[in-house]
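Spelled out from the first residue to the last, the chains are:
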Amino acid sequence: MSRSYRLIVSASLMLFLIMGLITPAEAQSNPEGGGYWLRGANMEKATKLMKEGKSVERYSEKSIKEKTEKEVQTLEDLRNEDKQSSSVYESKMGPPRFTALGWEPPAFDYDHISTVEECRNNPSSGSETGYIKNHYSFCWSHVATYQIPRSCRFGICTYDGVQIQFTEIGYGSNQSRKMRVYYSIDDILVTNPSLNGAKLKIDLVCQAKINPGDCKPDSKTPAIERTIAQWKNTNYGLKTFLSDAPPATDNNPDQIGYMDFWPKLTIKHAPRKFTKTIDGIKQRVRFDSAKYMFAFPDQHFWQGAIFSKTDAVLNVPVTQPGFAPLKEAGEHWKFAMDQPEKTKPYKLGKKIPGALGDRPLTRMYTKRHPEEYAQNRAKTRSVCNKEFKDEDRTGKECDEFPFASTWEGSSTNGQDWFSVRLIPKESNNATGRWLAAWYAYDRILDNDPFYVQVKAPVKVGTISSYGTPKPGQDHRSSDNFSLKNIPAYASKLQWKVTSGPAGAQFDVMHDDKFGFDETIFNDLRDGSTTDIKTVDDIYLANPEKTNDQEFTVEIYAIP
């Protein structure tokens, strides 16, 4: 293009912009067309532009094209990266059961993302990391848009477009070093019928992170290329990745391997000589051959493949009837994390990790670290003998938290930041086997971090009340109070009358400094449950059946 011609085009563009005949986005048209990932609030605007033949580049996601900086990394670096993950998930392991062999864990089962709808309905599915449901299930869903130039005049181009909703669902394994990805395309839109003949090729590619054998695409699941019309009829595909186990070494006894994988979508339109490839986000997979993944009495899980950029949460819903055998142990763990300064042994400034939002626990495989494990058990026994020397221990055993099978245990934490409590022997036995099975089921290797969440009632408020409205008040019988620190798992509030007339009834009202005080809850009594409302400045009101006596109410957040 000559210099004079370029000046004419620039002047024309400026004139059109001033006159409002074209937008700045149209003035930035790309004569080569493009391929883009789109999501979120701008989807509707981008789709409208595409239907009008205008560029959607301004609404594309640039960061989605970023790739891992290092192709090959050390095992230590990769495991440290996993530990920096901000993603967590709650395990869905069932309760233990009592059999002729004693307490047994439930049989292992996957909790997979089972449908495209389940994936797309999760807000994280369109994020830069995707939705990691658990160690064995991941998905990512995004809109891909291709714009093929129709014509360009004076630097302004119009386009024909193809738009699809691409979804990939990944499945790990607790039996093999194999990972599968199911993918599909939906909501196919073409702005020119001729584009139904364009060919779309979908592949998933991988990158080995430590050993060359970490990433082996299965030849039985090659890339799939179909015309857009064919994709409308058959909209899915499958990709499988395998991993060779490296030799066991002192540095890598569990024969760990890592890979990153990501989708690669290429569209070709031969009549217009158009070809464009776009890559999706990278996701990480960890393979291992840890031989100690075992659940009593006879479940072995010799190999596995997990999505490692998420931390597991040991979920203990002790209020559910099936989990009654874990109740005493679970309540101890929760108390230790919530109120460490009140636990035994007493230690000034004691902090006990494990809760979500705090430091995680770290598994210690006991047979690989027998000396450290023995030190934890010995210290726990010594402290228990001292703390409970005057108590009747018939039918009871000493439970410790953090667990002896973690590096935060009684001895290995190095600061006496632990708790001991006597609990029934049956609860201790059931809990021990259940915890060991969970390590295997969620594939928690030696030195893997994890959290503990005990879903039990939590006291979130206490308030004392007169037996009648306060002097000069029509309704109010207590001071203002607020309900704070309600755990995310709570679904209801429970109100308990803990002193005074047991049959007391009352309302709860909101102190509105600038208007009429609203009744939040009415006709409550001992044991009443209500929805959760996190409102400041509430008070008890309209007390009845108190015989004019004062009473105290405790409020609990319950699962």
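The structure this text deals with has already been given above.
Here's what I pulled together on the structure shown here. (Residues numbered from 1 in each chain as written. Predicted model: local features only at pLDDT ≥ 70, side-chain atom pairs only at ≥ 80, totals over all residues. Heavy atoms only, no water.)

With respect to the packing of aromatic side chains
Both the distance between ring centres and the angle between the ring planes are used here to describe each pair of aromatic rings. Stated formally: Between 30 and 60 degrees the pair is tilted, below 30 it is stacked and above 60 it is edge-to-face, where a pair is any two Phe, Tyr or Trp rings, Trp via its six-membered ring, whose centres lie within 6.5 Å. Where helices and strands are cited, they refer to DSSP runs of H or I of at least four residues and of E of at least two residues respectively, numbered from the N terminus. The buried label applies to any residue whose accessible area, calculated with a 1.4 Å probe on protein chains only, is under 20% of its type's maximum; exposed applies above 50%, and partly exposed to all values in between. By the criterion adopted, a ring carries a charge over it if an Arg CZ or a Lys NZ lies within 6 Å of its centre and within 35 degrees of its normal.
Evaluation of the coordinates by the stated rule reveals 27 aromatic pairs. On the numbers, 5.3 Å between centres and 65 degrees between planes, the contact of tryptophan 438 with phenylalanine 450 is edge-to-face. Of this pair, tryptophan 438 sits in helix H9 (residues 425-441) while phenylalanine 450 sits in strand S23 (residues 449-454), and the two are 12 residues apart along the sequence. Residue classification places tryptophan 438 among the buried positions, given a relative accessible area of 0%. Pairwise contacts between aromatic rings join Phe108, Tyr110, Tyr136, Phe301 and Tyr441 into one cluster. Directly above the ring of phenylalanine 296 sits arginine 433, whose terminal nitrogen or CZ lies 3.5 Å from the centroid. Above the face of the tyrosine 539 ring, arginine 476 is positioned so that its terminal group lies 4.0 Å from the ring centre.

Remarks on unusual backbone geometry
For the bond running from lysine 344 to proline 345, omega is 0 degrees, close enough to zero to count as cis. In this fold, proline 345 is placed in the loop between helix H7 (327-338) and strand S20 (361-362). Residue proline 402 is bonded to the preceding phenylalanine 401 through a cis peptide linkage, with omega at 0 degrees. Turning to its location among the elements, proline 402 is positioned in the loop between strand S21 (396-401) and strand S22 (419-424). Backbone geometry places aspartate 537, a non-glycine residue, at a positive phi of 55 degrees.

A look at H7
Filter applied, for reference: By this rule, a helix spans an expected 1.5 Å times one less than how many residues it contains. The contact criterion used is simple: two residues touch if any of their non-hydrogen atoms lie within 4.5 Å.
For H7, spanning 12 residues, the distance from its first C-alpha to its last is 16 Å, which sits close to the expected 16 Å at 1.5 Å a residue. The elements touched by buried residues of H7 are strand S19 (311-316), S21, S22, H9, S23 and strand S24 (458-465).

Side note on the nonpolar core
Selection rule: The nonpolar core is taken to be a set of buried Ala, Val, Leu, Ile, Met, Phe, Trp, Tyr and Cys residues, with the residues joined through side-chain atoms within 4.5 Å.
Membership of the largest hydrophobic core comes to 46 residues, with the highest contact counts inside it found for Leu314, Trp333, Phe401, Phe403, Trp438 and Val452. Secondary structure elements with two or more residues in this core: helix H4 (75-83), S19, H7, H9 and S23. Non-local contacts of phenylalanine 401, meaning those with residues more than four positions away in its chain, are made with His332, Trp333, Ala336, Met337, Ile352, Pro353, Leu361, Phe418, Ser419 and Val452. Residues Phe138, Met179, Ala198 and Phe274 belong to the second largest nonpolar core, which totals 37 residues.

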